[in-house]
Structures are given as structure tokens and as C-alpha cells.
Amino acid sequence: MPFRPSHRQLEYLVTLGETGHFGEAAKRCNVSQPTLSVQVALLEKQLGVTLMDRMPGQVMPTPVGLEIIKAAKVILNGLDEIRALATGSQGNLGAAIRLGVAPSFAPYFLPYLLPPLHQLYPELKIYIREDRPRQLERAVLQGETDCGLGPLPSEDDGFVSQQICRERIFLGVPKAHRLAEFDSISTDGLKGERLLTLGAGHRLMDEVRRLADISGATLAEDYEGSSLDAIRQMVSIEMGLSLFPELYVRSEFGKEDGIKLLTIEGWEGVRNIGFFWRQSSARGNHFEALAGLGRDVADRILAMEQIR
């Protein structure tokens, strides 16, 4: 039989890579420092490679160590999924889900989703991690997060996805702006205008960039907003124009009197939103159930009084 690392060896290696310190890693793993050190050294001997560079007061993964740590995280997550599948037979979606969420969507959707989810699965624990979509996608692929919620990635990237809604995107302009007299404009009407956007890693930034490319507008390169709230406030004081997704508009624009919302002719102002997980995940049935509930909730929200 070929050598296979034990799950404990992989846990030790992953924790050591995260902490960069043998003592701290041993503490997290609830073992003695010599035990952890010996097992990591044995793993290196058995694999025939150096996984960690040992320096005074610090330990860092080697390049091959980094790759093996990434693979180890996926393997350990797979073991967790086996346990979740067993407990999932009790009808609680595996007892726990680590859910990664996009900040441009989840804060305006989760307050509607979590109460009925808790009512259906009262024993289910949801651990929520908010991050930029591209960081969330990486966390899902590496097994750090079970499932993501936000703008859908490409299935070619190793994901399975379930769409829950198509969210409209509006153009926000200051009420004193020349375009504020219209309800809808063509892309040509944006030529030369300055578009504000969220920072790199947000898929909404990709939408702003595409709009700038087809309209002749300029992308504000000197500032990237940290949140939709920050962008909204800058638009209200005439620093530029920007795009705002529908659920954010429904939640926050009742507080904003200084911005007019427009639709754009000749540009598909929508984004596909849903849940996504690794193609190799064994918990697809859990996440499909979650997406089914999410779809019902999204339909109910979007059926409310339309934005004017």
C-alpha cells in the first residue's frame, strides 16, 4: 500500500501553516509541542520533501508545503462533510454550514432568509463569513468555507451553483446632475462621466468597468469605495455616478434624498445571484435545499412594491 498521511498529520500541518509557530499550533491541536513537531517531521520524511522552513522564532511553509496545505484543507473538509452527511440524516442540513457571503448582497438578504431557515432547521448552525466575492470563491474551493452566497462564479471554475434571483442594477446620479431629469438614458449619455466603484475583488466592479468600456465613461482610478454606503454618500455630494444593486436600493435608498436612480438602455443591468459550492463537495443536497429556500425568499422580496 502506498503511504497516505493521517488526518492528524494533516491537521498538524495545516495548523502550523496558519500559526507559523510550533507552540501555538500544538495548543490549538490540544497536543504537546514535541508530539506535533515529531509528526510534522515524520510527514516530511514519509513524503520525501521539506514542508516547513524552520527559522528562529518563526516557521513558514515552503512552496511545496503551501500546495500540500491547500490540498490538506480540502481533504479535511471532505472528512467534515462525511460527518455532516451522517448528521444530515436527522434533517438539519448537516448541523452546521460555514457560509461565505458577498457584502453587496447578503446584508440586505439574510434578514429575510435566516428566520425561516431557523424555523425549518432549528438545530442548524450558520457561521457567516463576509468577504469580497473573489476571496470567497477561493475560500470555497480550498475548503475553508462550505458554501458561498452572492454573484455567481463560472461553473468552469470548479463550482456548482444554484441561482436564486436576477437582481437589477440601477445607475445612481446626484439630483443636481444633468441626467437626473430622466428616468432612463442610453449608454451614449454617459460618455465622459466619472463612475465610482467598489474595490478589486468585487464582481460589481466588473460591471462598472464593462459599462465604462461600452459607454465612454471614465472609471475613477484614484479612489475605490470600501462599501456601497460610502459610494452612495460620494454620489450624493456630486463626486461621480455609480451602480447600485436592487436589494441594496430597496434597503437603503429610503434614507437617501440626494440621488436619482435611472435605468440604462442598451445595457443589461442585472446580475445573477445564488449559492455556490465545490463540484467535489459531498453536501450538494444540503446546499440545494438551502438554495431552494433562498429562491422562495428572493421571489417574495422582489415581488414587493417595485422601485420607482
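Heads up: the structure comes first, above all this text.
Residues numbered from 1 in each chain as written. Predicted model: local features only at pLDDT ≥ 70, side-chain atom pairs only at ≥ 80, totals over all residues. Heavy atoms only, no water.

Novice: Break down helix H3 (residues 33–47) for me, with residues and values.
Specialist: With 15 residues, H3 should cover 21 Å at 1.5 Å per step; its first-to-last C-alpha distance of 21 Å lies within 8% of that length. Within the sequence span of H3, burial applies to Leu36, Val40, Leu43 and Glu44. Buried residues in H3, looked at end-on, bunch into an arc of 100°, giving them a common side. Facing away from the buried side of H3, by more than 90 degrees, are the exposed residues Pro34, Val38 and Lys45. Considering only its buried residues, H3 is in contact with helix H1 (7–19), helix H2 (22–29) and strand E1 (52–55). Note on H3: the residue one or two positions beyond its end, glycine 48, has a positive phi of about 80°. (Helix = DSSP H or I, 4+ residues; strand = E, 2+ residues; numbered from the N terminus. Expected span 1.5 Å × (residues − 1). Buried < 20%, exposed > 50% of the residue type's maximum accessible area, 1.4 Å probe, protein only. Arc of directions from axis to C-beta. Contact = heavy atoms within 4.5 Å.)

Novice: A description of the packing of H1 against H2 should follow, citing residues and the corresponding values.
Specialist: Where H1 meets H2, the closest approach of the two axes is 8 Å, and the angle between their N-to-C directions is 130°. Between H1 and H2, the angle is such that the two are oblique. Between H1 and H2 the crossing geometry is right-handed. For the pair H1 and H2, the contacting residues are Arg8, Glu11, Tyr12, Thr15, Leu16, Glu18 and Thr19 in the first and Phe22, Glu24, Ala25, Arg28 and Cys29 in the second. (Axes fitted to C-alpha atoms, helices over the stretch in contact; angles between N-to-C directions. Parallel < 35°, antiparallel > 145°, perpendicular 65-115°, else oblique. Left-handed = near helix turned anticlockwise from the far one by under 90°.)

Novice: How would you sum up the packing of aromatic side chains? Please name residues and give values.
Specialist: Counted according to the given criterion, the structure contains 7 aromatic pairs. Considering the side-chain rings of phenylalanine 244 and phenylalanine 253, the 5.2 Å spacing of their centres and the 65° angle between planes classify their relative orientation as edge-to-face. (Phe/Tyr/Trp six-rings, centres within 6.5 Å; stacked < 30°, edge-to-face > 60°.)

Novice: An account of the packing of H2 against H3 is needed here, citing residue identities and associated values.
Specialist: For the pair H2 and H3, interaxial distance at closest approach is 8 Å and the crossing angle is 105°. Relative to H3, the element H2 is oriented roughly perpendicular. In this structure, H2 contributes Phe22, Gly23, Ala25, Ala26 and Cys29 to the contact, and H3 contributes Gln33, Leu36 and Ser37. Here the contact of H2 with H3 is composed, by residue class, of 5 nonpolar, 3 polar and no charged. (Nonpolar A, V, L, I, M, F, W, Y, C, P; charged D, E, K, R; others polar.)

Novice: Account for the nonpolar core, with residues named and values stated.
Specialist: Judged by nonpolar contacts, the single largest core of 62 residues is most densely connected at Phe109, Leu149, Ile164, Leu171, Leu190, Phe244 and Phe275. Among the elements that take part in this core, helix H10 (residues 284–302) stands out by supplying 8 residues, more than any other. Not counting residues up to four positions away in its chain, the partners in contact with leucine 149 are Leu99, Gly100, Val101, Ala102, Phe105, Phe109, Leu110, Ile164, Gly274, Phe275 and Phe276. Membership of the second largest hydrophobic core comes to 18 residues, among which are Val14, Phe22, Val59 and Ile69. (Core = buried A, V, L, I, M, F, W, Y, C linked by side-chain atoms within 4.5 Å.)

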